[in-house]
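Coordinate inspection notes
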Amino acid sequence: MKIKPFAVEEWMNAWEVGAKYNIAETCVDSISMNELFELTGEDKTEFLNRLCARRLSYGDIEGLPEFRKGVCGLYKTLNIENIVPTHGASGANHHVFYSLISPGDRVVSIMPTYQQLYSIPESYGADVQILHLSKENNYLPDLEKLRRLVTPETKMICINNPNNPTGALMSEQLLREIVEIARSADAWILCDEVYRHLSQEDGWCPSIVDLYEKGISVSSMSKVFSLAGLRLGWIATHDMSVVKSCLSHRDYNLVSCGVFDEMLAAAALKHSDKLLERSRKIVRENLQILDNWVSSEPHVSYVKPKAGTTALVYYDLDIPSYEFCEEMYKKTGAFVTPGDCFEVPHSMRIGYAYGKQDLIDGLKAISEYIAMKTR
């Protein structure tokens, strides 16, 4: 199987270690196990005793019930039989395509987004059609263009809400209109929702699975819950044919997730409200810092994110984004992601949720680099 290089991951792998100011990171500031117990109020000694007494078998093949129950609490209409645990959201996305898409199937995906959503189905021989999101439309899908791309043969529409890298957020009304387009073709909607709940305004963030019988939500413990080290995600759907197919294919490449990971995730999700409160506070305070910087820096611009942890920031220098970001990294230590990783030239993705001081210092370093290049 041939597949295009995963541009954003290759960039992160090459440069992340050694960065002085890491503002390419997309997770909300990661926490330790000690911090997890402090935040949740769980009894650490009791938990560790249970953990250490656990036999290191394959565990619950279809997922620890307490973990799956915790995931259900993030939705309005799901039961544990609707949840398939995976190795991260990246594993979930891959597993959905692996289980459902065959050569020749039409798949409609947005761009820019996480590259998995178009490169993996393309590698399987799918007929991938791209719906380009525009800055002028606040990076929201153009429904008329989507209708033209969706044919009776369409098997799946792939969206990302909130969007990576732009931070755009689709409203419930927009999601319902996309559902009607998908329903007209009897197509699945795969929605990568790893940044869901990280909105800049209070209120419930709708999920595709609560709106559509063929909706498939993918998420993880990494971004919102600051527990990327667990490498634990999930597929959620009401469509039991999808669950059956995913579980069948899972026997070939996953079998089960780690017993330690699922126990820790279950403990965290029992107190998801506390973790979400922490994460929302971080993203809201830090986005204000980023917004103030964009307003004060004459050579950059963006559409202010509505949710998530990332922003797509344009610069007006005539320098390709890989060259811009690599030279800036080497001269200042500021680490961001080139927009060309998402096929958006003359831009950079900035992650604003990992650490406040790194963000402040990193933005200052970007300004210093721009000043050097514009003298």
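Structure: above.
The rules behind each value
Residues numbered from 1 in each chain as written. Predicted model: local features only at pLDDT ≥ 70, side-chain atom pairs only at ≥ 80, totals over all residues. Heavy atoms only, no water. Phe/Tyr/Trp six-rings, centres within 6.5 Å; stacked < 30°, edge-to-face > 60°. Helix = DSSP H or I, 4+ residues; strand = E, 2+ residues; numbered from the N terminus. Buried < 20%, exposed > 50% of the residue type's maximum accessible area, 1.4 Å probe, protein only. Lys NZ or Arg CZ within 6 Å of the ring centre and 35° of its normal.

**A short note on the packing of aromatic side chains**
- Summed over all chains, the structure comprises 10 aromatic pairs.
- Taking the centre distance of 5.8 Å and the plane angle of 70 degrees together, the rings of Trp 11 and Tyr 322 count as edge-to-face. Residue Trp 11 is located in helix α1 (residues 7-15), and its partner Tyr 322 is located in helix α12 (residues 321-332); the two are separated by 311 residues in the primary sequence.
- Owing to a relative accessible area of 4%, Trp 11 belongs among the buried residues under this scheme.
- Their ring planes at 70 degrees and their centres at 6.1 Å tell us that Phe 67 and Trp 234 sit as a pair that is edge-to-face. You can see Phe 67 sitting in helix α4 (residues 65-72) and its partner Trp 234 sitting in strand β8 (residues 233-237), a full 167 residues away along the chain.
- For Phe 67, a relative accessible area of 0% translates into the label buried.
- Among the aromatic residues, ring-to-ring pairing joins Trp 11, Trp 15, Tyr 322, Tyr 329 and Phe 335 into one connected group.
- The ring centre of Tyr 314 lies 4.3 Å from the NZ or CZ of Lys 135, which sits over that ring.
- Just above the ring of Trp 188 sits the side chain of Lys 214; from NZ or CZ to the centre is 4.7 Å.

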